[in-house]
Amino acid sequence: MEHTIKSENGVMTVYLRGEMDHHNAARLREQIDAALTFENPAVLRLDLSEIAFCDSSGLGFIMGRYRRMESAGGSMILVNPSEPTMRILRLAGVDSIIRAEYTKGAAK
Amino acid sequence: MKRSPQNRFKCVFPAKSANESFARMIASAFVAQLDPRVDELADLKTAVSEAVTNVIVHAYAGTDIPPEERVVIMSGELREGRRIAVTVKDRGKGIEDVKKAREPLFTTSAAEERSGMGFTVMETFADTVKVASRPGKGTSVRLYKRFT
Ligand SMILES: Nc1ncnc2c1ncn2[C@@H]1O[C@H](COP(=O)(O)OP(=O)(O)OP(=O)(O)O)[C@@H](O)[C@H]1O
Ligand SMILES: [Mg+2]
């Protein structure tokens, strides 16, 4: 699993690629949380367009970052969530809670 | 009389998180003989991933079972009518109340950002899920799926 972080004017965008399972989520959580502590952004944008696989551990990762942003008075937006991520979010009924943004041909 | 399966496999590997993707690959490789539809393959991989992750996360946690005995025992059968059964077993602590464990949102590790959705995911993406567990002995999760 790979990720790229971009920060600008209090908006941190994280591009994620690969399979979001328990093994990968554990390492990702550490790295993203370290970046959140350092940057302290008002908005976290998680680009999930290239997530090829997501299970309940991926859901746990997404919900965890959502709760962290909300409790810090910030917000989180999912960008172009892929079908594997959406179906888990839908199943858990959180697709209606977390904001998602769909951009066409998003530049990276 | 029970017909014998058309094909089957069995493998044992350490209950380590790096093996979650390995388990998904085993499941994909086994059903490749059916030339499965992409969405049905994704369903099976997701259900298998949940069952295997549960062994890795829960089965041996807080037990004094030595590392070399902390294993995932995974097997699969292909039966007539393009039906697949994958079994994920462990020799861990077992589940006290299986009915409760299967309820959506039930988790014993909320602190670790678990949402208690694993069994719900299995039930959604497999046709049938059978769980047998004995406290102190281990757990067996059987996932059934028919491919079109
Ligand atoms: N193989 C197992 N051995 C022991 N306990 C288990 C096993 N599988 C599941 N459990 C118990 O059943 C509970 C529910 O499992 P489920 O997969 O639904 O949720 P979770 O693993 O807690 O969270 P999530 O899967 O959403 O990350 C677990 O919290 C755990 O207590
Ligand atoms: Mg689970």
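One can find the structure itself at the top, above this paragraph.
One structure accompanies this document, and this report is about it. (Residues numbered from 1 in each chain as written. Chains lettered and ligands numbered in written order. Predicted model: local features only at pLDDT ≥ 70, side-chain atom pairs only at ≥ 80, totals over all residues. Heavy atoms only, no water.)

Generally speaking, nonpolar side chains in soluble globular proteins are found buried as a group. Core analysis: the biggest nonpolar cluster contains 38 residues, and B:Val48, B:Val52, B:Met74, B:Ile84 and B:Leu143 have the highest contact counts within it. It is helix H2 (residues 38–59) of chain B that provides the largest number of residues to this core, a total of eight residues. Residue contacts for B:Ile84: discarding those within four places in its chain leaves B:Phe30, B:Val31, B:Leu34, B:Leu44, B:Glu77, B:Leu78, B:Leu143, B:Tyr144, B:Lys145 and B:Phe147. Residues A:Met12, A:Leu36, A:Met76 and A:Leu89 belong to the second largest nonpolar core, which totals 30 residues. (Core = buried A, V, L, I, M, F, W, Y, C linked by side-chain atoms within 4.5 Å. Buried < 20%, exposed > 50% of the residue type's maximum accessible area, 1.4 Å probe, protein only. Helix = DSSP H or I, 4+ residues; strand = E, 2+ residues; numbered from the N terminus. Contact = heavy atoms within 4.5 Å.)

Lining the immediate environment of ligand 1, one finds 19 residues, of which B:His58, B:Thr107, B:Thr108, B:Arg114 and B:Met117 sit closest. One finds residues of chains A and B in close proximity to ligand 1. With respect to ligand 1, the side chain of B:His58 contributes an N or O atom lying 2.7 Å from an oxygen atom. In this structure, B:Phe119 approaches ligand 1 through a main-chain N or O atom, which is 3.0 Å from an oxygen atom. Burial of ligand 1 by the protein chains amounts to 96% of its free accessible area of 600 Å². Those elements that place two or more of their residues in the shell around ligand 1 are H2 and helix H4 (118–125) of chain B. (Near = heavy atom within 4 Å. Polar contact = N/O pair within 3.5 Å; in protein donor to acceptor, adjacent residues only side chain to side chain. Areas by Shrake-Rupley, 256 points an atom, 1.4 Å probe, with all protein chains shown as cover.)

The next point concerns the interface of chain A and chain B. Taken together, the 19 residues of chain A in the interface contact 23 residues of chain B. Buried surface at the junction of chain A and chain B, both sides included, amounts to about 1600 Å², of which 50% is carbon and sulfur. Broken down residue by residue, the surface that chain A buries against chain B is led by A:His22, A:Arg87 and A:Leu91, which jointly contribute 35%. Put simply, chain A and chain B have five salt bridges between them. The salt bridge partner of B:Glu113 is A:Arg29, with a shortest N-O separation of 2.6 Å. At the junction of chain A with chain B, the criterion picks out 14 residue pairs in polar contact (both at pLDDT 80 or more). For the side of chain A that touches chain B, the secondary-structure elements that each account for two or more residues are helix H1 (22–39), strand S3 (43–54), helix H2 (56–71) and helix H3 (83–91) of chain A. (Buried area = accessible area lost by both parts, 1.4 Å probe. Salt bridge = Lys/Arg side-chain N within 4 Å of Asp/Glu carboxyl O.)

Counted according to the given criterion, the structure contains two aromatic pairs over all chains. Between B:Phe13 and B:Phe22, the aromatic rings sit 5.5 Å apart at their centres with planes inclined by 85°, giving edge-to-face as the arrangement. Here B:Phe13 falls in the buried class, since its relative accessible area comes to 5%. Across from the ring centre of B:Phe125, 4.0 Å away, lies the NZ or CZ of A:Arg87, which sits over that ring. The cationic tip of B:Arg24 hangs over the ring face of A:Phe53; the distance from NZ or CZ to the ring centre is 4.1 Å. (Phe/Tyr/Trp six-rings, centres within 6.5 Å; stacked < 30°, edge-to-face > 60°. Lys NZ or Arg CZ within 6 Å of the ring centre and 35° of its normal.)

A separate point is the sheet that holds strand S2 (residues 71–79) of chain B. Residues and elements named next belong to chain B. In spatial order, the strands read S1-S2-S3-S5-S4; together these five strands make up an open sheet with antiparallel pairing. Only two strands of the sheet have a single partner each, and these edge strands are strand S1 (7–14) and strand S4 (128–134). Taken over all neighbouring pairs, the strand axes of this sheet differ in orientation by 10° on average, direction set aside. As judged from the seven bridges shared by S4 and strand S5 (residues 138–146), these two strands associate in the antiparallel manner. Considered in S5, the bridge of Arg 134 is made with Gly 138. Lying on the sheet, H4 is in contact with S4 and S5; it crosses S5 at an angle near 30°. (Pairing = 2+ DSSP bridges. Axes fitted to C-alpha atoms, helices over the stretch in contact; angles between N-to-C directions.)

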